[in-house]
Amino acid sequence: ARDYNLASGVMAMEWTVTLNTGTKAPAFGLGTFAWQSKPGEVAKVVDAALRAGYRSIDCAYAYGNEGEIGEALQKCFKEGVLKREELFITTKLWCTFHQREDVLSCCQESLKNLQLDYLDLYLVHTPIAMKKEAKFPGFTQDDILGYNPDTEADTWKGMEDLVEKGLVRAIGVSNFTITKMERLLQTA
């Protein structure tokens, strides 16, 4: 049996980082990469973390557990543990959606799974694109399309579209080298 009780008295996330949008994001949060967990385990951990004072949850489409996270969030909202506006949710666009026209559908699926109306931060998970049918885990070398600066610029435009639609408050990247970030900034 696993114990999901987190130490009580977790600070109320007083340490923050200010994003370029002016939004203050908690400097500490709960990561939810647990793709080998049993059904229900991630929901229990998220629930315990929120009750212990965590106010930032880091998710990703590829982790395959956004549905569980959404259930835990809704439970805590309904029980008055916290309000949506007190929570900072980050999730990530998976690399099978690296076409501008696919970015919206991935975001909408994450929002549906998380049972939210908006995301606080949406990140491009990796600069490496994959074929749409590639699965995680389980993709093969043949599924990897690789890095292409033009593709990433196109993907970024799709990310900007999400901000304009009000689905996302801030956007960013994850797992990019400085060189790849600098190249993306030339087109952003």
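The rules behind these values
Residues numbered from 1 in each chain as written. Predicted model: local features only at pLDDT ≥ 70, side-chain atom pairs only at ≥ 80, totals over all residues. Heavy atoms only, no water. Helix = DSSP H or I, 4+ residues; strand = E, 2+ residues; numbered from the N terminus. Rg over C-alpha atoms; globule rule 2.2 N^0.38 Å. Buried < 20%, exposed > 50% of the residue type's maximum accessible area, 1.4 Å probe, protein only. Contact = heavy atoms within 4.5 Å. Areas by Shrake-Rupley, 256 points an atom, 1.4 Å probe, with all protein chains shown as cover. Lys, Arg positive; Asp, Glu negative; His and termini not counted. Charge placed at Lys NZ, Arg CZ, Asp CG, Glu CD. Core = buried A, V, L, I, M, F, W, Y, C linked by side-chain atoms within 4.5 Å. 1 Å grid on protein atoms, 1.4 Å probe; cavity = no way out; pocket = protein on both sides within 12 Å on 5 of 7 lines; lining within 4 Å. Points joined across faces, edges and corners; volume = space filled by probe spheres on them. Nonpolar A, V, L, I, M, F, W, Y, C, P; charged D, E, K, R; others polar. Pairing = 2+ DSSP bridges. Right-handed = clockwise from strand over helix to strand, strands pointing away.

The next subject is the overall build of the protein. Within the protein one finds five helices and nine strands. Helices and strands in the protein line up, N terminus first, as β-β-β-α-β-α-β-α-β-β-β-α-β-α. The C-alpha radius of gyration of the protein comes to 17 Å, within 12% of the 16 Å expected for a compact globule of 188 residues. The principal-axis extent of the C-alpha atoms belonging to the protein is close to 45 × 40 × 25 Å. Taken across its 188 residues, the protein has 45% of its residues classed as buried. Within the protein, residue pairs in contact and separated by at least 24 positions form 74% of the contacts whose partners lie at least 6 positions apart. Taken as a whole, the protein presents about 10,200 Å² of accessible surface, with 49% of it coming from carbon and sulfur. Measuring between centres, the 21 positive side-chain charges of the protein sit 3 Å from its 26 negative side-chain charges.

Below, the discussion takes up the nonpolar core. Of all hydrophobic cores here, the largest spans 40 residues; its most connected members are V46, I57, L73, I89, Y122 and M159. At the level of elements, α1 (41-52), α2 (66-78), β5 (88-93), α3 (100-114), β6 (121-124) and α4 (149-165) are the ones that each hand at least two residues to this core. With near-sequence residues (within four places) excluded, V46 lies in contact with L30, T32, I57, I69, A72 and L73. Counting residues in hydrophobic clusters, the runner-up holds five residues, among them A25, F88, L123 and A170.

Once that is clear, we can look at the layout of surface pockets. Considering only enclosed or pocket space, the largest pocket measures out at about 360 Å³ in volume. As for the largest pocket, its lining consists of 14 residues, and the residues nearest its centre are W156, I171, G172, V173 and L185. Put simply, the parts of the chain that give the lining of the largest pocket at least two residues each are β6, β9 (171-173) and α5 (178-185). Here the residues of the lining of the largest pocket are counted per class, giving 11 nonpolar, three polar and no charged.

Attention now moves to unusual backbone geometry. In this structure, Q115 is a non-glycine residue whose phi angle is positive, near 60°. Take Q115: it is sitting in the loop between α3 and β6. Of note, N175 is a non-glycine position whose phi angle comes to about 65°, a positive value. By secondary structure assignment, the location of N175 is in the loop between β9 and α5.

Let us now look at the pairing of β5. Working note: regular strand, side chains alternate between the two faces of the sheet. Counting buried positions along β5 gives six out of six residues, so the element sits mostly inside the fold. Here three bridges tie strand β4 (residues 56-58) to β5, and the two strands are oriented parallel to one another. Within β5, the residue paired with D58 across the bridge is T90. Handedness of the β-α-β unit built from β4, α2 and β5 comes out right-handed. With four bridges joining them, β5 and β6 adopt parallel strand pairing. Bridged to T91 within β6 is Y122. After leaving β5, the chain enters α3 and then returns to the sheet as β6, a path that is right-handed.

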